[in-house]
Amino acid sequence: MNGNFGIKDCALIAIATGEQAQNLREFRDRLAATHLGCVYYHFWAGLLRHRFDDPEFQNDFAVWASRALHDPPLAERLSLIDPNRYRDLEELRREVIEIIEERLYEKEYIPWARQGDNFHFVRSQIVVFDSGIRAADPAALKDIIPSLPLGSVFYHFIDARRRTEERKNDFSVWLGALGGRYADLAGKLDSIDPYFTTLRKLREEISEVFREQITGAAS
């Protein structure tokens with residue numbers, strides 16, 4: 001290991017599954033059987049799509065419940081789900097299904113969407129490429145982060161939690177490999193919740209943590 005941190009960028013490719021639902025019961029049944037990549041896409045892809053029409057809802061399920069089913073209580077419950085709190089996508093899927101089943105039990109009728117407002121399940125495929133940017137040490141990374149591509153922020157700080165053994169962001173994993181000197185910095189980064197925000201704001205928060213910790217360590 002040479003100690004360098006290599007910056008990667010990414011994009012989420014949307015893949016249509018052909019699966020759709022017009023009412024809440026159909027939605028529950030489709031969700032229970034669909035590819036887990038759909039769960040990932042409908043919770044996380046909005047950050048990369050720069051969605052502005054429903055800023056109060058972070059995931060596509062809540063948006064559909066609000067706009068197509070006109071069910072504010074369900075939309076609110078779904079919008080409060082933080083995917084980072086679940087061990088894996090399967091556990092996250094079970095949580096969504098449980099909320100839907102509770103709502104179906106409460107309702108006297110099954111909520112339906114108008115024709116044309118069906119929920120279309122889309123799964124994601126992440127495409128990763130090397131940006132060519134390298135940081136030799138944490139101080140160098142501190143200077144790079146403010147101008148990181150948003151795809152890099154997503155890959156290293158969000159997608160990393162799914163693919164790393166430690167279930168942490170790539171920055172913290174790298175810092176941990178450098179020794180205990182950067183334990184406080186890694187801990188501060190681990191405490192950031194990347195979900196209820198935007199990638200730009202997340203980049204600013206990460207940059208601020210690096211600036212505070214690295215500058216403080218140097219002074």
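Everything here concerns the structure above.
Calculation rules
Residues numbered from 1 in each chain as written. Predicted model: local features only at pLDDT ≥ 70, side-chain atom pairs only at ≥ 80, totals over all residues. Heavy atoms only, no water. Helix = DSSP H or I, 4+ residues; strand = E, 2+ residues; numbered from the N terminus. Buried < 20%, exposed > 50% of the residue type's maximum accessible area, 1.4 Å probe, protein only. Contact = heavy atoms within 4.5 Å. Core = buried A, V, L, I, M, F, W, Y, C linked by side-chain atoms within 4.5 Å. Arc of directions from axis to C-beta. Phe/Tyr/Trp six-rings, centres within 6.5 Å; stacked < 30°, edge-to-face > 60°. Lys NZ or Arg CZ within 6 Å of the ring centre and 35° of its normal. Salt bridge = Lys/Arg side-chain N within 4 Å of Asp/Glu carboxyl O.

1. Description of the overall build of the protein chain
Working step 1: Helices and strands together make up the secondary structure of the protein chain, namely 10 helices and 2 strands.
Working step 2: For the protein chain, the N- to C-terminal ordering of α and β elements is β-α-α-α-α-α-β-α-α-α-α-α.
Working step 3: Over its C-alpha atoms, taken along the principal directions, the protein chain stretches across nearly 65 × 30 × 30 Å.
Working step 4: Taken over 219 residues, the protein chain has a buried fraction of 47%.
Working step 5: Restricting the contact set of the protein chain to residue pairs at least 6 apart, pairs at least 24 apart contribute 74%.

2. Looking at the environment of Gln-22
Working step 1: With respect to the helices, strands and loops of the structure, Gln-22 is situated in the loop between β1 (5-21) and α1 (24-33).
Working step 2: Placed 95 residues apart in sequence, Gln-22 and Asp-117 show a C-alpha to C-alpha distance of 7.3 Å.
Working step 3: Apart from the residues within four sequence positions on either side, Gln-22 is in contact with Trp-64, Leu-69, Pro-111, Trp-112, Ala-113, Arg-114, Gln-115 and Asn-118.

3. Remarks on the environment of Thr-198
Working step 1: Within the secondary structure, Thr-198 is located in the loop between α9 (183-190) and α10 (199-218).
Working step 2: Classification of Thr-198 by relative accessible area gives partly exposed; the value is 37%.
Working step 3: Each C-alpha atom of the pair Thr-198 and Gln-58 lies 9.5 Å from the other, and the pair is 140 residues apart in sequence.

4. Some points on the nonpolar core
Working step 1: Counting residues in hydrophobic clusters, the biggest one holds 65 residues, and the most contacted among them are Phe-27, Leu-189, Ile-206 and Phe-210.
Working step 2: Every residue in contact with Leu-189, bar those within four places of it in the chain, is listed here: Phe-157, Arg-161, Asn-169, Phe-171, Ser-172, Leu-175, Ile-206, Val-209 and Phe-210.

5. Here we look at helix α4 (residues 72-79)
Working step 1: Buried residues of α4: Leu-74, Ala-75, Leu-78 and Ser-79, and no others. All buried residues of α4 project into a common sector of 130° when viewed along the axis, lining one side. Residues of α4 that are exposed and point over 90 degrees away from its buried face: Pro-72 and Glu-76.
Working step 2: Where α4 is buried, its residues meet α1, α3 (60-67) and α5 (89-106).

6. Here's the deal with the packing of aromatic side chains
Working step 1: The full count for this structure, using the stated rule, is 16 aromatic pairs.
Working step 2: Measuring from ring centre to ring centre gives 4.9 Å for Tyr-195 and Phe-196, while their planes differ by 75°; the resulting arrangement is edge-to-face.
Working step 3: Of the residues examined, Tyr-195 reaches a relative accessible area of 1% and is grouped as buried.
Working step 4: Taken together, Phe-27, Phe-43, Trp-44, Phe-61, Trp-64, Phe-119, Phe-121, Tyr-195 and Phe-196 form an aromatic cluster joined through their ring pairs.
Working step 5: Between the NZ or CZ atom of Arg-162 and the centre of the ring of Tyr-40, over which it lies, the distance is 5.2 Å.

7. Points about unusual backbone geometry
Residues apart from glycine generally show negative phi values, whereas peptide bonds are mostly found in trans.
Working step 1: Phi is positive for His-70, which is not a glycine, with a value near 55°.
Working step 2: With respect to the helices and strands, His-70 occurs in the loop between α3 and α4.
Working step 3: Within the chain, Arg-167 stands out as a residue other than glycine whose phi angle is a positive 55°.
Working step 4: Looking at the element boundaries, Arg-167 is found in the loop between α7 (150-163) and α8 (170-177).

8. A few points about the side chain of Asp-71
Working step 1: Take Asp-71: it is sitting in the loop between α3 and α4.
Working step 2: Classification of Asp-71 by relative accessible area gives buried; the value is 2%.
Working step 3: Look past the residues within four positions of Asp-71 in its chain and what remains in contact with it is Ala-65, Ser-66, Arg-103, Lys-107 and Pro-111.

9. Observations concerning the pattern of salt bridges
Working step 1: In this structure the tally under the stated criterion is 15 salt bridges.
Working step 2: The shortest N-O distance in the salt bridge between Arg-93 and Glu-90 comes to 2.8 Å. You can see Arg-93 and its partner Glu-90 sitting in helix α5, 3 residues apart, about one turn around the helix.
Working step 3: We classify Glu-90 as partly exposed; its relative accessible area is 29%.
Working step 4: Between Asp-130 and Arg-134 there is a salt bridge whose closest N-O contact spans 2.8 Å.
Working step 5: Asp-130 gets classed as partly exposed once you look at its relative accessible area, which sits at 44%.
Working step 6: A single salt-bridge network, built from bridges that share partners, covers Asp-71, Arg-77, Arg-103 and Glu-106.

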